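# Residue-level structural notes
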Amino acid sequence: MDFATYHELQRFYSAYAECVDHGDLDDWPEFFLDQCVYRVQARENFDRGFPLAVLSLESKGMLKDRVYGVKETLFHDPYYQRHIVSAPLVHGTSGDLIVSEANYVVVRTKPGKPSEVYNAGRYLDRIQQTPDGLRFAQRICVYDSELIPNSMVYPI
Amino acid sequence: MSHPNDKSQHKWPEGVFHRVPYWAYTDEDLYRRELDRMFYSNHWCYVGLEAEIPEPGNFKRTNIGERSVIMVRDDSGDVNVVENVCAHRGVAFCRAQHGTAKDFVCPYHQWSYDLKGNLQGVPFLRGVKQDGKVNGGMPKDFKKDQHNLNRLKVAVRNGVVFASFDHDVEPFEDFLGPDVLAYFDRVFDGRKLTILGYSRQRIPGNWKLMQENIKDPYHPGLLHTWFITFGLWRADQRSQMVMDDHGRHACMISRRNDGGASDVTKGVSSFKENMTLNDPSFLDVKEEAWWNGPTAVMMTLFPSVIIQQQVNSLSTRHIQPVDRDNFDFVWTHFGFEDDDEAMTQRRLRQSNLFGPAGFVSADDGEVIEFSQQGFYQRPEHSTVVAMGGHDIANTDHMVTETLIRGMYRYWQKIMEDE
Ligand SMILES: [Fe+2]
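Described in the following lines is the structure provided in the data block. Here the structure is a predicted model, which means the values were calculated and not measured.

### Topic: the packing of helix H2 (residues 28-39) of chain B against helix H11 (residues 402-416) of chain B
Packed helices, taken two at a time, are described by the angle between their axes plus the distance between the axes. Residues and elements named next belong to chain B. Packing of H2 against H11 brings their axes to within 10 Å, and their N-to-C directions diverge by 95°. Judged by the inter-axis angle, H2 sits roughly perpendicular to H11. Counted together, Leu30, Arg33, Glu34, Arg37 and Met38 of H2 and Trp411, Ile414, Met415 and Glu416 of H11 form the full contact between these two elements. Partitioning the contact of H2 with H11 into residue classes produces five nonpolar, no polar and four charged.

Written as C-alpha cells, this is what we have:
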C-alpha cells in the first residue's frame, strides 16, 4: 500500500471516531456501503464461533433504522463517548478492498460523573475504495469487556 | 428457623401489597436474607442449558446468587453442579468460564476431584519417605470422602439445568406448579437446543427490579416506543397474566396485533404514525407451530431467571446478584437443532431488539438504574403497584401490576417467616 492510501485510511478511521463521538449520528451510516456488515460482538462469542452480537446489522438501511431507534425511541441516561483508536494494521489488499484492523478504547462520561473505561476491543474491517472515498463493507467491533456497564446506545 | 441475617428492623405493612417500601431494595441485612432464603435454600436456581455442555467433561462456570458454581457433564453423561470452592483451603479453583476437563485440580496443593465432585487425590496423603522414615502425611482420621466438593441438587428438564444448595427442596415440577410448567414445556419440549451466544451486562439496581420488569405489562407500550412504533406491543392486545399458586413465578402471554394507530396509541406521547423501517428484516417474523397461539411469552422463574420468547427470538436471562445495588444479567440466546439457516438468521436479526443494546431492552436497564437511585433519596417512601387494583389474581389483560403484587406477597412471607 502506498503512503497516500495509508494516509487516506488513517483519515477514514479518525473521521469515523469523530462522527460517533460528537458528530451527527445521521452521518454514521454514510461510512458504509449499501451492502455491509456492522457488528458489536463479545469476544467470547467471536472466539467460540457463536454468531450472536449485541448489535448485528446487515445493510445501510438497518444502520439508518438503528439511528432512528437511538434518536427517537430509546430512552437512556445521556452520555458522551470518546474513542481512542490505534493506527490501523493493514493485513492486505485485494483490488479495491483493504483488510485492516485497529484497537480501540471507548471512554464514557455521564453528566456530573467522572469518565470511565466503557468498552475495549478491536475493529475487524473490510474497507472498499470507491469513487466517493473509502466505505466499510464490514466493521466488526470485537470487545474484550466482559460486562457492558448497563446498556449500549451509541455505535462503537 | 433462626437465621444469621435477621438484623433488619423493617416490618412489612400487614396485608398491603400494592406498595413496596423502598427499604426492600436498599437494606443490606434484608439482601443477605434474600440470598439465604431464596438463592441458597428452598428454591431451584437456573444454571444453564445442557446444550452448553454436550460432551462428557464439558463444563461451564456460573453463579447462583453470589456463589460460584460449575455445571459439568461427567463420563456417564450426567450433569453435576458443584460449588467452586476447594475443600482444602477454600480456593475458587476453576477460573475458566467454560472448557473441558477430565477432573478438577486445585492449583494450590493439587487436590483433585472427579467430575461428580468426589475428592480423588491428595498429594503426600501418606507422607514423604526420607532416610528410612515417613514424614508428614494426613492423620489416620482423615477420610477422603468427607472432603468432597459441595454438591448441589440438580434438576434437568428438557435440556434446562437448575440446581439447589438445599437438598430438601421440593421437586422441580412442583416448584414451578402446573400452569407455569406448561408454558415452560411449550418452549422446552425436549427438542435439542443450539446455543447462539451470550450477552453480559451489569445493571446498577437491586436484582428484584428485573423480576418486576418482566412482571410488568404496564410499561412496554409506554417505555418501549420502538415496540409500539413498529406494532409489536400495544396495551389492547390480547394477553393473559398467569402465576403459580405462590405468586412467585409468572407468565406474560400475548398475541400481537397489526400495529398502527388506535385509541390506545393516541394517548402515548411518543407514538409516531406511519414509521416504516428502511430494512424490514428486523421484523421478518415467521410464525412457528409450537407457539400454539401466543406470539410472546415472557416467564419469570423466581428468583433467578427469565425465559424469553418474543416472536422468533429466544433467550434465557440469568439474574446474578452482585450486591444489593447491582446484578449481572447474562443472556443466552438459543434456537433449535432443527432450525434451518433462514430461521437461525431470523432469530439473530430479531436479537437486535433485545440485550444490552436492544431497541426494547436497553431502556429497561436504564430505568432500573434510576429507580435504585431514587430509593436511596427517600428511604421512608414506597413504590405504587396499584394498577388494576389491590388484588392478586390472574388476568386476561395487561393493564395490571398484579404479578408484582403477587411476588411481594410471596417475598414478605418468606422474608418474615420465623
Ligand atoms: Fe421492558
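Next comes the rest of the write-up.
### A look at empty space enclosed by the protein
All told, the structure shown has four cavities of 30 Å³ or more when counted by the stated rule. Computed from the structure, the largest cavity encloses a volume of approximately 120 Å³. The wall of the largest cavity is formed by 15 residues, among which Ile214(B), Phe227(B), Met298(B), Gln310(B) and Asp364(B) lie closest to the centre. Broken down by class, the residue content of the lining of the largest cavity amounts to eight nonpolar, five polar and two charged. There is about 70 Å³ of room inside the second largest cavity. What lines the second largest cavity is simply Ala42(A), Arg43(A), Glu44(A), Tyr143(A), Asp144(A), Ser145(A), Glu146(A), Tyr198(B), Ser199(B) and Arg200(B). Looking at the lining of the second largest cavity, the elements with two or more residues in it are helix H2 (43-48) of chain A together with strand E14 (193-203) of chain B.

### Looking at the side chain of Glu212(B)
Residues and elements named next belong to chain B. By secondary structure assignment, the location of glutamate 212 is in helix H5 (residues 208-213). Nearest to the buried, unbridged glutamate 212 among oppositely charged side chains is lysine 208, at 6.3 Å. Beyond its immediate stretch of four places on either side in the chain, glutamate 212 contacts Tyr25, Ile404, Met407 and Tyr408.

### Observations regarding the layout of surface pockets
Gaps left between atoms are located by rolling a probe of water-molecule size over the structure's atoms. Estimated volume of the largest pocket: approximately 470 Å³. What lines the largest pocket is a set of 21 residues, and nearest its centre among them are Leu209(B), Glu212(B), Asp216(B), Ser371(B) and Glu401(B). Of all the secondary structure elements, the ones that give two or more residues to the lining of the largest pocket are H5, helix H6 (220-223), helix H10 (362-377) and strand E21 (382-384) of chain B. Sorting elements by how many residues they give to the lining of the largest pocket places H10(B) first, with six residues. Of the pockets and cavities examined, the second largest pocket occupies roughly 370 Å³. In terms of lining residues, the second largest pocket is bounded by 24 residues, among which Asn63(B), Gln97(B), Arg200(B), Gln320(B) and Val330(B) are the most central. Contributions of two or more residues to the lining of the second largest pocket are made by H2 of chain A together with strand E3 (58-64), E14, strand E19 (313-323) and strand E20 (326-336) of chain B. When grouped by side-chain class, the residues that make up the lining of the second largest pocket number six nonpolar, eight polar and 10 charged.

### Brief notes about the interface of chain B and chain A
Counting residues at the interface gives 41 residues for chain B, matched by 35 residues for chain A. Of the roughly 3500 Å² buried where chain B meets chain A, counting both sides, 53% is carbon and sulfur surface. Linking chain B to chain A there are three salt bridges. Close ionic contact of Glu369(B) with Lys110(A) constitutes a salt bridge, the shortest N to O distance being 3.5 Å. Summed over the shared surface of chain B and chain A, the number is 20 residue pairs in polar contact (both at pLDDT 80 or more). Residue assignment for the side of chain B that touches chain A shows that the elements contributing at least two residues are E14, helix H7 (225-229), E20, helix H9 (341-350) and H10 of chain B. Among the elements that take part in the side of chain B that touches chain A, E14(B) stands out by supplying nine residues, more than any other. Here the residues of the side of chain B that touches chain A are counted per class, giving 18 nonpolar, 14 polar and nine charged. Here two bridges tie strand E8 (residues 148-149) of chain A to E14(B), and the two strands are oriented parallel to one another. The partner of Ile148(A) across the bridge, within E14(B), is Gln201(B).

### Thoughts on the coordination of the iron ion
All names here are of chain B. On the protein side, the iron ion has His219 (NE2), His224 (NE2), Asp364 (OD) and Asp364 (OD) as donor atoms, found 2.0 to 2.4 Å from it. Coordination at the iron ion is irregular, judged from the four donor atoms that bind it and the angles of 57 to 146° they form at the metal. Along the chain, the residues that donate to the iron ion are spaced as H-x4-H-x139-D. Taken together, the residues span a long stretch of sequence, with histidine 219 in the loop between H5 and H6 and aspartate 364 in helix H10 at a distance of 145 residues. Histidine 219 sits in the buried class, given a relative accessible area of 13%.

### Some remarks on unusual backbone geometry
Residues other than glycine predominantly adopt negative phi, and peptide bonds predominantly adopt the trans conformation. Cis geometry is found at the peptide bond from Phe302(B) to Pro303(B), where omega equals 0°. Summarising the element assignment, Pro303(B) is placed in the loop between strand E17 (296-301) and strand E18 (305-310).

### Brief notes about the sheet that holds strand E2 (residues 45-49) of chain B
Residue and element names in this part refer to chain B. Taken in spatial order, the three strands make up an open sheet running E2-E13-E12, and their pairing is antiparallel. Looking along the sheet, the strands with just one partner apiece sit at the ends: E2 and strand E12 (153-157). Direction aside, neighbouring strands of the sheet carry axes that sit 30° apart on average. One ladder, built from four bridges, connects E2 with strand E13 (residues 160-164); its direction is antiparallel. Considered in E13, the bridge of tyrosine 46 is made with phenylalanine 162.

### Focus on the packing of aromatic side chains
Enumeration according to the criterion identifies 47 aromatic pairs over all chains in this entry. On the numbers, 5.9 Å between centres and 75° between planes, the contact of Trp111(B) with Phe142(B) is edge-to-face. Here Phe142(B) lies in the loop between strand E11 (133-135) and E12 and Trp111(B) lies in the loop between strand E7 (104-105) and strand E8 (112-113), a separation of 31 residues in the sequence. Taking relative accessible area as the criterion, Trp111(B) reaches 5% and is therefore assigned buried. Residue classification places Phe142(B) among the buried residues on the basis of a relative accessible area of 15%. An aromatic cluster is defined as three or more aromatic residues linked by ring pairs; in this entry it consists of Phe12(A), Tyr16(A), Trp28(A), Phe31(A), Phe32(A), Tyr38(A), Tyr104(A), Tyr123(A) and Phe136(A). Over the ring of Tyr40(B) we find Arg67(B), and its NZ or CZ is 4.8 Å from the ring centre. The ring of Tyr198(B) carries the charged tip of Arg200(B) above its face, separated from the ring centre by 5.5 Å.

Rules behind the numbers
Residues numbered from 1 in each chain as written. Chains lettered and ligands numbered in written order. Predicted model: local features only at pLDDT ≥ 70, side-chain atom pairs only at ≥ 80, totals over all residues. Heavy atoms only, no water. Axes fitted to C-alpha atoms, helices over the stretch in contact; angles between N-to-C directions. Helix = DSSP H or I, 4+ residues; strand = E, 2+ residues; numbered from the N terminus. Parallel < 35°, antiparallel > 145°, perpendicular 65-115°, else oblique. Contact = heavy atoms within 4.5 Å. Nonpolar A, V, L, I, M, F, W, Y, C, P; charged D, E, K, R; others polar. 1 Å grid on protein atoms, 1.4 Å probe; cavity = no way out; pocket = protein on both sides within 12 Å on 5 of 7 lines; lining within 4 Å. Points joined across faces, edges and corners; volume = space filled by probe spheres on them. Buried < 20%, exposed > 50% of the residue type's maximum accessible area, 1.4 Å probe, protein only. Lys, Arg positive; Asp, Glu negative; His and termini not counted. Salt bridge = Lys/Arg side-chain N within 4 Å of Asp/Glu carboxyl O. Buried area = accessible area lost by both parts, 1.4 Å probe. Polar contact = N/O pair within 3.5 Å; in protein donor to acceptor, adjacent residues only side chain to side chain. Pairing = 2+ DSSP bridges. Donors = N, O, S within 2.8 Å, 3.2 Å for Na, K, Ca; no water. Tetrahedral: all angles 85-135°; square planar, octahedral: opposite > 155°, others 65-115°. Phe/Tyr/Trp six-rings, centres within 6.5 Å; stacked < 30°, edge-to-face > 60°. Lys NZ or Arg CZ within 6 Å of the ring centre and 35° of its normal.

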